[in-house]
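Okay, here's what each chain looks like letter by letter:
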Amino acid sequence: EAGVTQFPSHSVIEKGQTVTLRCDPISGHDNLYWYRRVMGKEIKFLLHFVKESKQDESGMPNNRFLAERTGGTYSTLKVQPAELEDSGVYFCASSSRHDQPQHFGDGTRLSIL
Amino acid sequence: QKEVEQNSGPLSVPEGAIASLNCTYSDRGSQSFFWYRQYSGKSPELIMSIYSNGDKEDGRFTAQLNKASQYVSLLIRDSQPSDSATYLCAVLAGGYALNFGKGTSLLVTP
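Fair warning: this is a prediction, and the values are worked out from it, not measured in the lab.

## Considerations on the overall build of chain A
A count of helices and strands for chain A gives zero helices and 11 strands. Secondary structure elements of chain A, listed N to C terminal, follow the sequence β-β-β-β-β-β-β-β-β-β-β. The C-alpha radius of gyration of chain A comes to 13 Å, within 12% of the 13 Å expected for a compact globule of 113 residues. Expressed along its principal axes, the backbone C-alpha trace of chain A runs to roughly 35 × 25 × 25 Å.

See the structure below:
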């Protein structure tokens, strides 16, 4: 069974540019989560999808971040325009049910210059 | 503010010894508790989950939960150099979002 895959593994962009991160959850997992870890801090929740519906986006920092999950399969997280403080590692996780353990991808390391 | 606290370490133990990793949490409504292992640049890998008070054993790993004290721990028996990693404590408090500690760095020396 393939795990959670994320693309790209690294992204370096300049302030003001746009970046889109992609996550493919484990097949059959309806629950998909985005998290972020900024340097020196703990991993923090961003948002949660059940199939194509956003269940909780309370962790999204601001309206420069847009997450989608069209068709309930893969998800994208777009940052537009990127700011310096957006640098960090963005993790995606999935689970079969919301009360089941979440399985994480390797993350996308995002650097804003 | 839901907080999960871990000692950042590094915790250094000799090969073959028992490594003890500790975690406290602030939300008394927390229901599910997880330990993840993370190697540098890799995904957090789930190694243990525990939902009720007491001990849960899986191979060389034992998770211990004490909800009255708001405390969860992970014991690694017969530690190996390959166990050297950062161990993340994560807590689910009735919602969908995991609350993570900053992690404890473990170094197992040959």
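What follows picks up the thread again.
## Brief notes about the sheet that holds strand β3 (residues 19-24) of chain A
Residues and elements named next belong to chain A. Spatially, the four strands line up as an open sheet ordered β1-β3-β8-β7, and their pairing is antiparallel. With one partner strand each, in any of the chains shown, β1 (5-7) and β7 (65-68) form the two edges of the open sheet. Across this sheet, the average inter-strand angle for adjacent strands is 15°, counted without regard to direction.

## Observations concerning the nonpolar core
Residues B:W35, B:V72, B:L74, B:I76 and B:Y87 are the most contacted members of the largest nonpolar core, which totals 23 residues. Elements with a contribution of two residues or more to this core: β3 (19-25), β4 (32-38), β5 (45-50), β7 (61-66), β8 (71-76), β9 (85-92) and β11 (104-109) of chain B. In this structure, B:I76 is in contact with B:A17, B:I18, B:A19, B:L21, B:R60, B:F61, B:D83, B:Y87 and B:L106, ignoring residues within four places of it in sequence. In this structure, A:V19, A:L21, A:L32 and A:A67 belong to the second largest nonpolar core, which totals 21 residues.

## So, the interface of chain A and chain B
On the chain B side, the residues contacting the 19 residues of chain A number 19 residues. Of the roughly 1700 Å² buried where chain A meets chain B, counting both sides, 58% is carbon and sulfur surface. In this structure, the connection of chain A to chain B is made through zero salt bridges. Put simply, chain A and chain B have five residue pairs in polar contact (both at pLDDT 80 or more) between them. For the side of chain A that touches chain B, the per-class residue count stands at seven nonpolar, six polar and six charged.

## Topic: the state of the cysteines
All names here are of chain B. Taken as a whole, this structure holds two disulfides over all chains when the rule is applied. A sulfur-sulfur separation of 2.1 Å characterises the disulfide bridge that pairs C23 with C89. Here C23 and C89 share a disulfide; its torsion about the S-S bond, -75°, makes the bridge left-handed. With C23 in strand β3 and C89 in strand β9, this pair connects stretches of sequence that are 66 residues apart. Judged by relative accessible area, which is 1%, C23 ranks as buried. Looking at C89, the relative accessible area reads 0%, which means it is buried.

## Side note on the environment of B:L75
Residues and elements named next belong to chain B. Structurally, L75 can be placed in strand β8. For L75 and S30, which are 45 residues apart along the polypeptide, the C-alpha to C-alpha distance reads 21 Å. Setting aside residues up to four positions removed in sequence, L75 forms contacts with I18, A19, S20, R60, F61, T62 and Q64.

## What about the confidence of the model for chain A?
Confidence in the prediction of chain A, expressed as mean pLDDT, is 94, and 99% of residues score 70 or more. The secondary structure element of chain A with the lowest average pLDDT is strand β6 (residues 53-56) of chain A, at 92, and the one with the highest is β3(A), at 98.

## Examining the packing of aromatic side chains
Each aromatic ring pair is specified by the distance between its two centres and by the angle formed by the two planes. Taken as a whole and assessed by the stated rule, the structure comprises 11 aromatic pairs over all chains. Relative to A:Y35, the ring of A:Y33 has its centre 6.4 Å away and its plane inclined at 35°; by these criteria the two rings are tilted. The exposure classification of A:Y33 matches that of A:Y35, with both residues buried. A ring pair is formed by A:Y35 and B:F100, whose centres lie 5.9 Å apart and whose planes are at 90°; its orientation type is edge-to-face. With A:Y35 in strand β4 (residues 31-37) and B:F100 in strand β10 (residues 98-100), this pair bridges two chains. Comparing A:Y35 with B:F100 shows no difference in burial state: the two are buried. The structure contains a cluster of three or more aromatic residues connected by ring pairs, namely A:Y33, A:Y35, A:F45, A:F91, A:F104, B:Y36 and B:F100. Lying over the aromatic face of A:Y74, A:R22 brings its terminal NZ or CZ to 3.7 Å of the ring centre. The lysine or arginine in question, B:R60, covers the ring of B:F61, its NZ or CZ lying 5.6 Å from the ring centre.

The rules behind the values
Residues numbered from 1 in each chain as written. Chains lettered and ligands numbered in written order. Predicted model: local features only at pLDDT ≥ 70, side-chain atom pairs only at ≥ 80, totals over all residues. Heavy atoms only, no water. Helix = DSSP H or I, 4+ residues; strand = E, 2+ residues; numbered from the N terminus. Rg over C-alpha atoms; globule rule 2.2 N^0.38 Å. Pairing = 2+ DSSP bridges. Axes fitted to C-alpha atoms, helices over the stretch in contact; angles between N-to-C directions. Core = buried A, V, L, I, M, F, W, Y, C linked by side-chain atoms within 4.5 Å. Buried < 20%, exposed > 50% of the residue type's maximum accessible area, 1.4 Å probe, protein only. Contact = heavy atoms within 4.5 Å. Buried area = accessible area lost by both parts, 1.4 Å probe. Salt bridge = Lys/Arg side-chain N within 4 Å of Asp/Glu carboxyl O. Polar contact = N/O pair within 3.5 Å; in protein donor to acceptor, adjacent residues only side chain to side chain. Nonpolar A, V, L, I, M, F, W, Y, C, P; charged D, E, K, R; others polar. Disulfide = S-S within 2.5 Å. pLDDT = per-residue confidence, 0-100. Phe/Tyr/Trp six-rings, centres within 6.5 Å; stacked < 30°, edge-to-face > 60°. Lys NZ or Arg CZ within 6 Å of the ring centre and 35° of its normal.

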